[in-house]
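# A look at the structure
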Amino acid sequence: MYRIDRSRFDRRTFLKSSALSIAASTLPFSGALAAPKKGGHFRMGKAHGQTTDTLDPGTAENYFMNALLHGIHGRLTEVAQDGTLKPEVAESWEASPDATEYRFRLRQGLTFHDGKSVTVEDVIASINHHRGKDSTSAAGPIVAPIENISAEGSDTVVFKLKGGNADFPFTLSDFHLPICPSVDGKIDWRSGIGCGSYVLKEFNPGVLARFERNPNHWNQDVAWFGSIEMITLLDQNARTTALVAGDVDAIDRVDLRAAGLMARRPNLKIQSVPGNQHYVFAMATNTDPFTDNHVRMALKHAVNREELVEKILFGYGSVGNDHPIGAGQRYFNHDLPQRQYDPDKARWHLQQAGLDNLTISLSGSDAAFVNNVDAITLYQNSAKSCGIDLTPIREPKDGYWSDVWMKKPFTSVYWAGRPVEDQMFTTVYSCGASWNDTAWCNKRFQELLVAARSELDESTRRNMYWEMQDLVANEGGAVIPMFANYVFAMNDKIGHGAFGANWDVDGERWMERWWFQ
């Protein structure tokens with residue numbers, strides 16, 4: 001098995017082998033490329049992965065597992081590089097006029113890695129895995145509107161919804177919703193057998209995963225690498241030096257402070273792709289002092305957003321406005337006033353909460369986002385002028401998502417965003433959602449969430465989503481100071497097309513979209 005010499009991964013080695021530059025490629029396309037060819041062993045270094053990871057798609061919570069699930073599995077639909085939706089396991093679908101019923105017709109001849117045919121029963125069991133009142137799946141909230149799933153013949157699955165949902169086909173592209181083989185109505189996720197373009201050969205949680213190309217995949221125009229090794233490299237310096245030294249072919253989560261140095265090297269390419277990824281300081285609204293919205297508003301006014309974009313993102317992003325909808329999305333509320341750093345307003349809100357000052361701690365780790373603790377330190381400095389004593393807590397990288405996030409009352413987190421507004425709001429801000437990391441539950445928001453989903457009038461629907469963004473920004477528990485570009489790097493041997501922006505690193509479908517030139 002391939003082994004990495006971790007002793008070579010130090011910042012001094014990297015700096016010695018590089019020259020200073022401030023330039024970085026932001027082009028989503030690599031220029032004139034030869035036609036893709038099959039073959040070669042590709043190595044990806046990921047800033048994600050922990051020892052508690054499992055192959056249960058409902059519990060996947062980081063980009064390592066996102067990429068793994070995209071590689072070995074298929075879903076009914078797929079978000080293309082241009083953000084449109086295209087068929088994957090389903091070859092087509094149709095909706096009733098009120099969007100309360102959908103029929104998905106499956107591709108014929110699809111098989112799992114063990115040769116078993118993909119059936120309508122597998123599809124039904126795979127979606128039902130995330131349904132029910134006892135479900136702890138992260139996808140539970142987005143499939144909750146499904147009232148019933150049934151088979152129509154041997155090739156069609158019928159979804160009946162509790163209300164209309166024009167975006168429902170996008171929901172089924174979520175990486176938590178792969179089609180797995182089933183037995184007696186239950187899916188077999190432990191084996192790692194899927195119908196995707198790569199076969200899982202080894203999975204060592206928190207360390208690595210190995211894959212081989214699936215020669216029987218239905219689409220022969222994807223999956224160019226013969227084999228792939230995806231390696232967990234949580235340490236920023238380790239990832240950087242691994243790429244520079246040639247021990248891996250690509251990495252995610254580039255250290256933005258070193259992006260210029262890396263771009264200077266003739267054999268490396270830095271890619272910066274705008275998307276819906278945003279960085280969050282999440283307050284548990286069911287825990288004091290965050291139960292008081294005035295405290296939450298004080299903390300929102302106490303952060304200097306422009307400073308964070310400049311010093312943490314180095315310009316690879318934009319300021320956030322305390323809601324998760326990106327400026328490029330269909331129903332982005334461009335009339336919502338941009339929140340500014342305002343010590344006077346922060347102090348006023350503390351006074352309304354009956355406080356002269358506030359002492360709190362904020363947990364963070366590079367597992368949440370690169371330079372996260374540095375960001376908290378900047379937040380600490382800006383908060384001082386607001387009467388807020390904020391103490392950064394550096395948490396371990398391994399186990400951060402299982403032991404810190406949603407366990408402590410004020411934590412750092414990244415969210416990739418979702419292709420459509422309903423999916424983002426339902427996953428993170430709906431009452432009782434498994435990943436509602438602010439524990440926020442707002443009656444008006446819930447009413448709008450359900451109503452907007454089934455509203456087919458474009459203007460009315462837009463007004464609903466605009467109000468929902470206002471509610472999250474002004475009453476929710478999320479401080480969202482910045483939207484971050486996806487910044488990743490690769491050697492110049494890698495060929496690719498336009499990059500998808502629905503997740504990091506080409507929508508985390510790099511396994512089947514990239515090739516060796």
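Further up the page is the structure itself.
Right, let's walk through the structure included here. (Residues numbered from 1 in each chain as written. Predicted model: local features only at pLDDT ≥ 70, side-chain atom pairs only at ≥ 80, totals over all residues. Heavy atoms only, no water.)

### Observations concerning the state of the cysteines
Here a disulfide denotes a covalent bond joining the sulfur atom of one cysteine to the sulfur atom of another. Applied cut-off: In what follows, a disulfide is any cysteine sulfur pair within 2.5 Å. Numbering goes from the N terminus for both helices and strands, where a helix is a DSSP run of H or I of at least four residues and a strand is a run of E of at least two.
Overall, the coordinates contain one disulfide when judged by the stated rule. In this model, Cys 431 is linked to Cys 441 through a disulfide, with the two sulfur atoms separated by 1.9 Å. Because the sign of the S-S torsion sets the handedness, a value of about 100 degrees for the bond joining Cys 431 and Cys 441 places this disulfide among the right-handed ones. On the criterion of sequence distance, the pair formed by Cys 431 in the loop between α13 (421–428) and α14 (443–454) and Cys 441 in the loop between α13 and α14 is long-range, its members being 10 residues apart.

### Brief notes about α13
Here is the rule: Here the term buried applies to any residue with accessible area under 20% of the maximum for its type, exposed to any over 50%, and partly exposed to those in between, with areas from a 1.4 Å probe on protein chains only. Whether two residues are in contact is decided by their heavy atoms, any of which lying within 4.5 Å being enough.
Most of α13 sits inside the fold, with eight of its eight residues counted as buried. Taken together, the buried positions of α13 are occupied by Glu 421, Asp 422, Gln 423, Met 424, Phe 425, Thr 426, Thr 427 and Val 428. Contact partners of the buried residues in α13: α4 (140–143), α5 (168–171), β15 (278–283), β19 (410–415), α14 and α15 (458–475).

### Some remarks on α14
Formally: Expected span of a helix: the number of residues minus one, times 1.5 Å. Within this analysis, the arc is defined by the directions that extend from the helix axis to the C-beta atoms. What qualifies as a polar contact is a pair of N or O atoms within 3.5 Å, subject to a donor-acceptor requirement within protein and to the restriction that residues adjacent in sequence count only when both atoms come from side chains.
Across its 12 residues, α14 extends 18 Å between first and last C-alpha, which sits within 8% of the 16 Å expected from 1.5 Å per residue. Turning to α14, its buried residues number three or more, namely Phe 445, Leu 448, Leu 449, Ala 452 and Arg 453. Burial along α14 is one-sided: seen end-on, the buried residues are contained in an arc of 125 degrees. Looking at the buried residues of α14, the elements they touch are α13 and α15. Its side-chain oxygen 3.1 Å from the backbone nitrogen of Arg 444, Asn 442 forms the N-cap of α14.

### What to know about the packing of α13 against α14
Short version of the rule: Each axis is a line fitted through C-alpha atoms, taken for helices only over the stretch in contact, and angles between the N-to-C directions span 0 to 180 degrees. What makes a crossing left-handed is the near helix being turned counterclockwise from the far one by less than a right angle; a clockwise turn instead makes it right-handed. Residue classes follow a fixed rule: Ala, Val, Leu, Ile, Met, Phe, Trp, Tyr, Cys and Pro count as nonpolar, while Asp, Glu, Lys and Arg count as charged, and any other residue, Gly among them, counts as polar.
Axis separation between α13 and α14 bottoms out at 11 Å; the angle between their running directions is 145 degrees. Seen along the crossing, α13 lies across α14 with a hand that is left-handed. Here α13 contributes Asp 422, Phe 425 and Thr 426 to the contact with α14, which in turn contributes Phe 445, Leu 449 and Arg 453. Classifying every residue of the contact of α13 with α14 gives three nonpolar, one polar and two charged.

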